[in-house]
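Below, each chain spelled out in residue letters.
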Amino acid sequence: MPRPVKFFYDLLSTHSRALYMFFEATKIPYDPIPVCATKGEHLADGYKEYVTRFQQVPSIIDDGFKLSSGVTILKYLIREKLIPEHWYPRDTKLRAQIDEYLEWQADNSSKVFNTFVVQQKYPEEARRDQRSVGERVQEYRKLVDSNLNQLERDWIVPGRFIVGDRITIADILAACEVEQPKIVGVDPFEGRPKLAAWLEKVRYTMTPYYQEAHQDFYKFTEKVALKN
């Protein structure tokens, strides 16, 4: 019997939440190991030595093999484990469409949605920006709105997932990321009915794992969200 994959995660991380749902939905045996990034546990020397030299969450250790970065981990698990094909189909055109979305996400929404969060987490980043917090939040929200509008316009088709009629890794990665602007008080679904309907479809498909993955995140956003 294969050893469970050691999964190091913090559910405040978008990729950690996506991987949590993926592990649960696919029934890949895994050993969940929570890491509190807000307390710097991923920066400890022991974590760097034992888990990953990049000191990131999420990370995994699979029978001694170490790997970090959420998308890379997902693709590795898809290659190595027995899982339903719909997550990342063998059909080269469907797979290329998923990869096309993941490239867009990495170049656009991933950078934008986490910009202000990174500045708050690392004060030296904020100090380089001479504007007030209010000014930075205002610009951040404009960029977030632009990306959300493009996501709804260019990627969401009513009644479907991002690629086709079945859920893929593109959907769980996108869903977790779309939730992220709530940290600064942005409702990503206001005025975006297609995006809201798509996310509800993802939530329903991933019940109860979606709710489990986001429970702590929702509590966190209620506690720290920046209001207008």
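Sequence order as written defines residue numbering, which begins from 1 separately in each chain. The model is predicted, so local features are restricted to residues of pLDDT at least 70 and side-chain atom pairs to those at 80 or more, both for listing and for counting; the totals for chains, interfaces and linings are taken over all residues. Side-chain calculation: all heavy atoms of the structure are included, whereas hydrogens and water are not.

Caption draft 1: Here's a closer look at the environment of Asp165. For helices the rule is a DSSP run of H or I covering at least 4 residues; for strands it is a run of E covering at least 2, with both sets numbered from the N terminus onward. If you trace the backbone, Asp165 turns up in the loop between helix H8 (133-154) and helix H9 (169-179). Note: C-alpha distance between Asp165 and His86 (79 residues apart in sequence) is 9.4 Å. A 3.5 Å cut-off defines polar contacts: any pair of N or O atoms within that distance qualifies, except that in protein one atom must be a possible hydrogen donor and the other a possible acceptor, and neighbouring residues in sequence count only when both atoms are side-chain atoms. Engagement of the side chain of Asp165 in a polar contact is seen with the side chain of Arg160, the distance being 3.5 Å.

Caption draft 2: Structural detail: the side chain of Thr26. Among the secondary structure elements, Thr26 is positioned in helix H1 (residues 14-26). Separated by 2.6 Å, the side chain of Thr26 and the backbone oxygen of Phe22 make a polar contact. Among residues more than four places away in sequence, those in contact with Thr26 are Ile83 and Trp87. Contact criterion: two residues are considered in contact whenever any of their non-hydrogen atoms come within 4.5 Å of each other.

Caption draft 3: Examining the pattern of salt bridges more closely. By definition, a salt bridge exists where a carboxyl oxygen of Asp or Glu is found within 4 Å of a side-chain nitrogen of Lys or Arg. This model, assessed by the stated rule, comprises ten salt bridges. When the shortest N-O distance is used, the salt bridge between Lys182 and Glu179 registers 2.6 Å. A relative accessible area of 0% places Glu179 in the buried class. Counted as one network, the salt bridges with shared partners bring together Glu179, Lys182, Glu200 and Arg203. Burial here depends on accessible area, computed with a 1.4 Å probe over protein chains only, as a share of the maximum for the residue type. Under 20% is buried, over 50% is exposed, and the range in between is partly exposed.

Caption draft 4: Spotlight on the side chain of Thr168. Here Thr168 lies in the loop between H8 and H9. A relative accessible area of 2% places Thr168 in the buried class. A polar contact is formed between the side chain of Thr168 and the backbone nitrogen of Ala170, at a distance of 3.1 Å. Among residues more than four places away in sequence, those in contact with Thr168 are His86, Trp87, Ile98 and Val163.

Caption draft 5: The packing of aromatic side chains, seen in detail. Centres within 6.5 Å make a pair out of two Phe, Tyr or Trp rings, where for Trp the six-membered ring is used; the pair is then stacked when the planes are under 30 degrees apart, edge-to-face when over 60, and tilted otherwise. One pass over the full model with this rule turns up twelve aromatic pairs. Each ring, one from Phe7 and one from Tyr30, has its centre 6.0 Å from the other, and the planes form 65°; the classification is edge-to-face. On the criterion of sequence distance, the pair formed by Phe7 in strand S1 (residues 5-9) and Tyr30 in strand S2 (residues 30-34) is long-range, its members being 23 residues apart. The interplanar angle of 90° and the centroid separation of 6.0 Å between the aromatic rings of Phe8 and Tyr47 together place this pair among those described as edge-to-face. Note that Phe8 is positioned in strand S1 and Tyr47 in helix H2 (residues 45-50), a separation of 39 residues in sequence. As far as burial versus exposure is concerned, Phe8 and Tyr47 are alike and both buried.

Caption draft 6: Focus on the pairing of strand S3 (residues 59-62). Residues Ser59 and Ile61 of S3 are buried on one face, and the alternating residues Ile60 and Asp62, pointing to the opposite face, are buried as well. A pair of strands is labelled paired if DSSP reports no fewer than 2 bridges between them. Sheet analysis places S1 next to S3, joined by three bridges and oriented antiparallel. Counted as the bridge partner of Phe8 is Ser59 from S3. In the sheet, S3 pairs with strand S4 (residues 65-68) via four bridges, with the strands oriented antiparallel. Looking at S4, one finds that Ile61 is bridged to Lys66.

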